[in-house]
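Summary of structural features
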Amino acid sequence: MSLDVSLQLLAEAENGEVREENFVETVRTSLPHAYDLIARLADELRSGAAEFADNQTPPPSERERGQLLRALSSDAIRGSLERHFGITLAFQNCHRVAAFRPDTRGGETHTRFTSVRAQILNQSPEFRDC
């Protein structure tokens, strides 16, 4: 799953400085499922009092799963999305992504969510091939 990079964005990169909003727009159009899911989690987090918002619903197809994996496995994409939405992302399996407020990174709830124990408890046989 690759990003659909415009000639304009490629020219920006070749000239040295890429405007992050242009990169985020490329992510939005290239990985729409991942972008929309993270946008929804950011909205849920901002509108509620919960310590984090997370997704536990598997994607509708392997295409969407691939988009999510691509977005979260790239430091550049993940970091840009975190800055764009003002959140910290955490990821446990093929689709369980969570949005935290940035100031809670390393706190008790974030640490518990990202712990080895939580990773093990969040496994099941259907995740083996994702």
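The sections below set out a description of the structure shown in this document. Note that the coordinates shown come from a computational prediction; the quantities given were computed from them, not determined experimentally.

Here is what the cut-offs are and how they apply
Positions within a chain are numbered from 1, following the residues in the order the chain's sequence is written. Side-chain atom pairs in this predicted model are given and counted only at pLDDT of 80 or more, local residue features only at pLDDT of at least 70, and totals for whole chains, interfaces and linings cover all residues. Neither water nor hydrogens contribute to the side-chain values; these are computed over all heavy atoms in the structure. To qualify as a helix, a DSSP run of H or I must reach at least 4 residues; to qualify as a strand, a run of E must reach at least 2; elements of each kind are numbered from the N terminus. Only protein chains enter the accessibility calculation, which uses a 1.4 Å probe; a residue whose area is less than 20% of its type maximum is buried, one above 50% is exposed, and one in between is partly exposed. Orientation is described by lines fitted to C-alpha atoms, with helices fitted over the stretch in contact, and by angles between N-to-C directions that extend from 0 to 180 degrees. Oblique is the label for every angle not falling under 35 degrees (roughly parallel), over 145 degrees (roughly antiparallel), or within 65 to 115 degrees (roughly perpendicular). Whether two residues are in contact is decided by their heavy atoms: any pair within 4.5 Å suffices. Classes in brief: Ala, Val, Leu, Ile, Met, Phe, Trp, Tyr, Cys and Pro nonpolar; Asp, Glu, Lys and Arg charged; the others, Gly included, polar. For two strands to pair, DSSP has to find at least two bridges joining them.

Now for the environment of Phe-85. Relative to the assigned elements, Phe-85 resides in helix α5 (residues 75-85). Residue class for Phe-85 comes out buried when judged on its relative accessible area of 11%. Along the chain, Phe-85 and Ala-99 lie 14 residues apart, while their C-alpha atoms are 9.6 Å from each other.

Further remarks concern the packing of helix α4 (residues 62-73) against α5. Contact geometry of α4 with α5 gives a least axis separation of 5 Å together with a crossing angle of 85 degrees. Compared by their axis directions, α4 and α5 come out roughly perpendicular. Only Asp-75, Ile-77, Arg-78 and Leu-81 of α5 make contact with α4, whose side of the interface consists of Arg-70, Ala-71, Leu-72 and Ser-73. Residues belonging to the contact of α4 with α5 are distributed by class as follows: four nonpolar, one polar and three charged.

Alignment of strand β2 (residues 88-91) against strand β3 (residues 97-100), held across four bridges, turns out to be antiparallel. Note on β3: the bridge partner recorded for Leu-89 is Ala-99. Counting the residues in the hairpin turn of β2 and β3 gives five residues.

A few words on the sheet that holds β2. Ordered in space as β1-β3-β2, the three strands form an open sheet in which the pairing is antiparallel. Each edge of the open sheet is held by one strand with a lone partner, namely β1 (52-54) and β2. On average, each strand axis in the sheet is tilted by 25 degrees relative to the strand beside it, whichever way the strands run. Bridge analysis of β1 against β3 gives three bridges, and the strand direction is antiparallel.

Keep in mind these numbers describe shape, not what the thing actually does.
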